[in-house]
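Given next are the chains, with one letter for each unit.
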Amino acid sequence: LFATFSEVIAAAFDFKALLESFNSVTAALGASLMAGFAFAEQMREEKHERMQAQAELDRTYQVTPVGLFTLDPDGSFVRVNPALRQQLGLEKDALPAKRWADYFAPGAWEALQGLAAHPLGGELEVSGVGPADEADRSGAGGDSRWYLVRAAHAGNRIEGSLQDITERVKYTERLQYLANN
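The model shown is predicted, which means the values in this text are computed figures rather than measured ones. The numbers attached to residues start from 1 for each chain and follow its sequence in the written order. The model is predicted, so local features are restricted to residues of pLDDT at least 70 and side-chain atom pairs to those at 80 or more, both for listing and for counting; the totals for chains, interfaces and linings are taken over all residues. Where side-chain values are given, they derive from all heavy atoms of the structure, hydrogens and water being excluded.

## Topic: a nonpolar patch on the surface
Step number 1: Only residues above 30% relative accessible area that lack a salt bridge enter a patch, with like-charged residues linked at up to 9 Å and the nonpolar side chains Val, Leu, Ile, Met, Phe, Trp and Tyr linked at up to 5 Å. Accessibility throughout is a Shrake-Rupley quantity obtained with a 1.4 Å probe, and a residue counts as covered only by protein chains that appear here. Think of a salt bridge as a Lys or Arg side-chain nitrogen and an Asp or Glu carboxyl oxygen that are within 4 Å of each other. Together, Leu 175, Tyr 177 and Leu 178 line one region of the surface with nonpolar side chains, adding up to about 330 Å² of accessible area.
Step number 2: Each helix is a run of DSSP H or I of at least 4 residues and each strand a run of E of at least 2, with the numbering of both proceeding from the N terminus. Note that Leu 178 resides in helix H7 (residues 166-180).
Step number 3: Only protein chains enter the calculation, and the probe is 1.4 Å; a residue is then buried if its accessible area is under 20% of its type maximum, exposed if over 50%, and partly exposed in between. The exposure class of Leu 178 is partly exposed, given its relative accessible area of 45%.

## So, the pairing of strand E5 (residues 157-164)
Step number 1: Here the rule is simple: two strands pair whenever DSSP picks up at least two bridges between them. In terms of strand pairing, strand E1 (residues 67-71) meets E5 through five bridges, oriented antiparallel. The partner of Gly 67 across the bridge, within E5, is Leu 162.
Step number 2: Here strand E4 (residues 145-154) pairs with E5 via eight bridges, running antiparallel. Residue Ala 151 lies in a different strand from E5, and its bridge partner there is Gly 160.
Step number 3: In textbook terms, the turn of a hairpin is the stretch between consecutive antiparallel strands, and for E4 and E5 this stretch comprises two residues, one of which, Gly 155, has a positive phi near 75°.

## Considering helix H5 (residues 108-117)
Step number 1: Taken residue by residue, H5 has Ala 108, Trp 109, Leu 112, Leu 115 and Ala 116 as its buried positions. Buried residues along H5 cover an arc of 120° about the axis, so they all sit on one side. Opposite the packed face of H5, turned more than 90 degrees from it, sit the exposed residues Glu 110 and Ala 117.
Step number 2: What makes two residues a contact is simply this: any of their non-hydrogen atoms within 4.5 Å. As for H5, its buried residues are in contact with E1, strand E3 (124-128), E4 and E5. In this description, one arc is meant: the one made by directions from the helix axis to the C-beta atoms.

Listed below in structure tokens is the structure:
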């Protein structure tokens, strides 16, 4: 706008010095440069906000008391939170060598895939072996652990949550026993 006014003034008063140094081309270049700086600043702020949101999501993932997991299509654990590590007795460097089938009863992997494929989701109770029952993994017997699983497909992976419901199952079995006997 200033460049346009300066051209009108220069033409009206035959004043060429202002027109030679500042014309509509330099004004357009200056405006483009300012717009570029503003756009770059907006992108920088959006990136900063995304990074803050990602950090907050990561913190939430780490402190959630429910076990959270991501599995590859072959059933290997890709990512787990500390709650799931504790529930299953997973070591930090064990991933991705450990698979779903290593911790749960036969058929649990197929059941989980079916649950994840269901469009409305749902829940699934699976039996497994808790961290205190290492001997059970070799088939030495003992009490198994029970878990409530929720899962969904996320691309070609399965993401879900795992909640230990062993006490609830034991109390339900005890109530059934007392009701029948």
